[in-house]
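Understanding the architecture of this molecule
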Amino acid sequence: MSGAPTILVDADACPVKDEIYRVAWRHEVLVKVVSNSRLRVPDHPLIERITVSDGFDAADDWIATAADARSIVVTADILLADRALKAGATVLAPNGKPFTTASIGPAIATRAIMADLRAGMGAGMGAGIGGPPPFSKADRSQFLQALDAALVRLNRAG
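Anyway, here's the lowdown on the structure attached to this text. (Residues numbered from 1 in each chain as written. Predicted model: local features only at pLDDT ≥ 70, side-chain atom pairs only at ≥ 80, totals over all residues. Heavy atoms only, no water.)

We now examine the packing of helix α1 (residues 17-27) against helix α5 (residues 137-157). Packing of α1 against α5 brings their axes to within 10 Å, and their N-to-C directions diverge by 30 degrees. Considered as vectors, α1 and α5 are oriented roughly parallel to each other. Crossing geometry of α1 relative to α5 is assigned as right-handed. For the pair α1 and α5, contact is made by E19, I20, R22, V23, R26 and H27 and by R140, F143, L144, L147, D148, L151, V152 and N155, respectively. Grouping the amino acids of the contact of α1 with α5 by side-chain chemistry returns 7 nonpolar, 2 polar and 5 charged. (Axes fitted to C-alpha atoms, helices over the stretch in contact; angles between N-to-C directions. Helix = DSSP H or I, 4+ residues; strand = E, 2+ residues; numbered from the N terminus. Parallel < 35°, antiparallel > 145°, perpendicular 65-115°, else oblique. Left-handed = near helix turned anticlockwise from the far one by under 90°. Contact = heavy atoms within 4.5 Å. Nonpolar A, V, L, I, M, F, W, Y, C, P; charged D, E, K, R; others polar.)

Structure follows, in structure tokens:
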């Protein structure tokens, strides 16, 4: 399985782990579930649990080091997505939207602006700014389609 694709999951807050397992089993692809704490994962030869230290960005560091052109990284973390893209990986957000070399720069810039606004550049200015919209059934469906398509692409290229 050395040339086979691998799915690397930034798992601590990932809402689509069950979907990842189902797609991986169908495609017979290894999944590495990376987290700072021990998570429950299915007992299956294609699912590997990786528990890293609880140090800041320890899971991100592990994933970024393991990512390569045969990896699909699933993360909502824009900075990890950037690192994985630089390693040549395919990167998907849990809502199915791909991170690409064309989209990552604007995403990082938007992240920085939103962080500044939330930090409250002025009295109460960032008070009404929240996070992303709630995760929906449509997001889950879009993710399943995107992951399946990414695996088909990698298998054809491989």
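What follows is about the sheet that holds strand β2 (residues 30-35). With mixed pairing, 6 strands are arranged side by side in an open sheet as β3-β2-β1-β4-β5-β6. The open sheet has two edge strands with one neighbour each: β3 (47-51) and β6 (98-99). The pairing of strand β1 (residues 6-10) with β2 spans 5 bridges and is classified as parallel. Following the sheet pairing, D10 is matched in β2 by V34. Lying over the sheet, helix α2 (residues 58-66) contacts β1, β2, β3 and β4 (71-74), oriented at roughly 165 degrees with respect to β1. (Pairing = 2+ DSSP bridges.)

Turning to α2, its buried residues are A58, A59, D60, I63 and A64. Packed against the buried residues of α2 are β1, β2, β4 and α3 (78-86). (Buried < 20%, exposed > 50% of the residue type's maximum accessible area, 1.4 Å probe, protein only.)

What follows concerns the pattern of salt bridges. Across all of its chains, the model carries 4 salt bridges by this definition. One salt bridge connects D148 with R26, and the closest N-O pair in it is separated by 3.0 Å. Note that D148 is positioned in helix α5 and R26 in helix α1, a separation of 122 residues in sequence. Relative accessible area serves as the criterion here: at 24%, D148 is assigned to the partly exposed category. Between R83 and D61 there is a salt bridge, with the nearest N and O atoms lying 2.8 Å from each other. With R83 in helix α3 and D61 in helix α2, the pair connects residues that are 22 residues apart, well separated along the chain. (Salt bridge = Lys/Arg side-chain N within 4 Å of Asp/Glu carboxyl O.)

The subject of this paragraph is the pairing of β2. The two faces of a sheet get side chains in turn, since along a regular strand they alternate between them. Of all 6 residues in β2, 6 are buried; the element is thus mostly enclosed. On β2, burial covers both faces: L30, K32 and V34 on one face and V31, V33 and S35 on the other are all buried. Each parallel crossover has a hand, and for β1 linked through α1 to β2 it is right-handed. Sheet topology places β2 next to β3; 5 bridges connect them, and they run parallel. Looking at the pairing, V33 lines up with R49 of β3. (Right-handed = clockwise from strand over helix to strand, strands pointing away.)

What is shown is where atoms sit, not what they do.
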